[in-house]
Amino acid sequence: AAALAAAAGGVVVANGLFGVLDNTGDELADLLGVDEVPPAAVAAVRLLQPLYEPLKAVSPSCTEALYPEFNEVNDWNDCSLLPRRVFWRPGAPPLLIRQTMTKANMWEASTGSAVWGGGIVLSRYMEELGSAFWEGKRVLELGTGTGLGSVTAAKLGAARVLATDRDGKVLALAAQNARANGVGGTVSAASLSWGRPGPEAADSPLAKSWDVVIGADVTYNRDAWPVLFETIEAARVPCLLSASERRPNELASLQDAMRKAGLAVELVDSPMRNGYGADKVKLFWVRAPQGPTQEGAGKGREGILSVTGV
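These figures come from a predicted structure and were not determined experimentally.

Rules and cut-offs
Residues numbered from 1 in each chain as written. Predicted model: local features only at pLDDT ≥ 70, side-chain atom pairs only at ≥ 80, totals over all residues. Heavy atoms only, no water. Core = buried A, V, L, I, M, F, W, Y, C linked by side-chain atoms within 4.5 Å. Buried < 20%, exposed > 50% of the residue type's maximum accessible area, 1.4 Å probe, protein only. Helix = DSSP H or I, 4+ residues; strand = E, 2+ residues; numbered from the N terminus. Contact = heavy atoms within 4.5 Å. Polar contact = N/O pair within 3.5 Å; in protein donor to acceptor, adjacent residues only side chain to side chain. Phe/Tyr/Trp six-rings, centres within 6.5 Å; stacked < 30°, edge-to-face > 60°. Lys NZ or Arg CZ within 6 Å of the ring centre and 35° of its normal. Salt bridge = Lys/Arg side-chain N within 4 Å of Asp/Glu carboxyl O. Pairing = 2+ DSSP bridges. Axes fitted to C-alpha atoms, helices over the stretch in contact; angles between N-to-C directions. Arc of directions from axis to C-beta.

Q: Please explain the nonpolar core as it appears in this structure.
A: Generally speaking, a soluble globular protein has its nonpolar side chains buried in company with each other. Membership of the largest hydrophobic core comes to 36 residues, with the highest contact counts inside it found for Met 126, Trp 134, Val 139, Leu 240 and Trp 285. Those elements giving two or more residues to this core turn out to be strand 2 (92–98), helix 6 (117–129), helix 7 (131–134), helix 8 (148–155), strand 4 (160–165), strand 6 (212–216), helix 12 (275–279) and strand 9 (281–286). When residues of this core are assigned to their parent elements, the largest contribution, six residues, is made by helix 6. In contact with Leu 240, not counting residues within four places along its chain, are Leu 122, Tyr 125, Met 126, Val 213, Ile 214, Gly 215, Leu 283, Phe 284 and Trp 285. Listed in part, the 25 residues of the second largest apolar core include Val 213, Ala 243, Leu 254 and Val 286.

Q: For this particular structure, what's the right way to read the side chain of Asn 177?
A: Inspection of the secondary structure assignment puts Asn 177 in helix 9 (residues 168–180). According to the relative accessible area criterion, Asn 177 is buried, its value standing at 2%. Looking at Asn 177, its side chain comes within polar contact range of the main-chain oxygen of Thr 146, at 2.9 Å. Each residue touching Asn 177, except ones within four places of it in the same chain, is listed here: Leu 96, Ile 97, Arg 98, Thr 146 and Val 151.

Q: For this particular structure, what's the right way to read the packing of aromatic side chains?
A: One pair of aromatic rings is described through two measures. These are the centre distance and the angle between the planes. According to the stated counting rule, one finds two aromatic pairs in the structure shown. Ring centres 4.7 Å apart and planes at 85° place the aromatic pair Phe 133 and Trp 134 in the edge-to-face group. Each of the two residues, Phe 133 as well as Trp 134, counts as buried. Geometrically, the ring pair formed by Phe 133 and Trp 285 is edge-to-face, given 6.1 Å between the ring centres and 70° between the ring planes. Taken together, the residues Phe 133 in helix 7 and Trp 285 in strand 9 connect sequence positions 152 residues apart. For the pair shown, Phe 133 and Trp 285 are each scored as buried. What links up through ring pairs into an aromatic cluster is the set Phe 133, Trp 134 and Trp 285. Cation over ring: Lys 137 sits above Phe 133, and NZ or CZ is 4.5 Å from the ring centre. Stacked on the ring of Trp 210, the Lys or Arg Arg 160 has its end atom at 4.5 Å from the ring centre.

Q: Quick question: what am I supposed to make of the pattern of salt bridges here?
A: If the charged atoms of two oppositely charged side chains come close together, the side chains can form a pair. Applying the stated criterion to the full structure yields nine salt bridges. With its nearest N and O atoms 3.0 Å apart, the salt bridge here joins Asp 211 to Arg 138. Here Asp 211 is found in the loop between strand 5 (187–191) and strand 6, whereas its partner Arg 138 is found in strand 3 (residues 138–142), with 73 residues between them in sequence. Exposure class is identical for Asp 211 and Arg 138. Each is buried. Between Asp 269 and Lys 282 there is a salt bridge; the shortest N-O distance is 2.6 Å. Of the two residues, Asp 269 is situated in strand 8 (residues 265–269) and Lys 282 in strand 9; the sequence distance between them amounts to 13 residues. Members of the salt-bridge network, linked through shared partners, are Arg 196, Glu 230 and Glu 233.

Q: Looking at this structure, I do not really get the sheet that holds strand 9. What am I missing?
A: Sheet architecture is open: seven strands sit in the order 5-4-3-6-7-9-8, paired in mixed fashion. This sheet does not close on itself; its edge strands, each paired only once, are strand 5 and strand 8. Ignoring which end each strand starts from, the neighbouring axes of this sheet average 25° apart. Relative to strand 5, strand 4 is paired through five bridges, and the arrangement is parallel. When the sheet's bridge partners are listed, Leu 162 is paired in strand 5 with Ser 188.

Q: Just to check I follow, could you spell out helix 4 (residues 49–57) for this structure?
A: Since one α-helical turn is 3.6 residues long, residues separated by three or four positions face the same way. Looking only at helix 4, the buried set comprises Gln 49, Tyr 52, Lys 56 and Ala 57. Taken end-on, helix 4 shows its buried residues confined to a sector of 125°, consistent with a single buried face. Facing away from the buried side of helix 4, by more than 90 degrees, are the exposed residues Pro 50 and Leu 51.

Okay, here's the thing in C-alpha cells:
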C-alpha cells in the first residue's frame, strides 16, 4: 500500500513536469523553490519521461476516468496522449490499448486515436454485465476508435465482433489492439458510414445479423445524431451507448432527441464511483425497433432486461 501511495504521489508531481503544457522548466523551478532552472537540468529531467508514462498509465486518473479530456486551462488530459493505456479486468489480465494521439498531432489526429472517458465507462459496464451476457453474442461496434469496446466484448466471450469506423488509420489501430490482446481471430474491422443503407448496400455491415450494437463517445457531434439514430434503427437489435456530457444538459437533449426519433431508450448510471466518469457519463440502452428483426438475431431488449435489471 505504501508503495502504491508513493507511486501515485510521484505521478501527481510528475504530471506538471511531463504534461501536455510542456512546462517542465517552470514546474521544476516551482518544485525546487528557485526562480529558474538551467536548461541542461531541464533536459536531464525530460530524459525521465519514459519512466513517467507507464506510471501514469496505471494511475487512477487514467484507468478510472477521473478527469475530463479538457479542463479549465484547456489542458488535454495527458492520459489521451500516452502511447499505451492499461485497463484492469476483474480476475483476468488487463487490457493493453495502444494510442496514436501525441502532443505533436493532437489537434489534427482523429478523435478515435485515443481512449476517451465514455470508452472506459462502456468497457467497465460490459465487464459488470459479465460473460453470461456476452458469451456467443455477435457484436457490432460503432465508432470503434482504439477498439477498446470490441476487445472487451471479445474477451467476455462474444462469438464475433466487428469494429467499425470511417477512418482507415483508426480501423488499423483497432485491429492492432485486438491482435495485441489475443482476440484478433474474433474481432475484425470494417469501414461504416452512418445512416440508413440503401437497397444496393447488401455488403454493408448493417445488412448482416447482430445481437447487440455498442458505441462510446459517438454523440459529441450533435449534427450527426440523426444519422446515428438511423444506423441504430437499421441494425434492428438492442444498442448500448456510452455518452459523455461535455455541454450543459447535453445528455438530457440526447435522450429527448432519441425519443423524438422514435427510439425507446433507458438510461443507466455509470459503474464508476468517482470523478468525471461517474458524474458526466451515462449509458443508454436503446430498445430494438419494433417489427421484424434480423434473421437469427438475439433475444432483443427483453433478454437484456433479464440481465441488466434496468
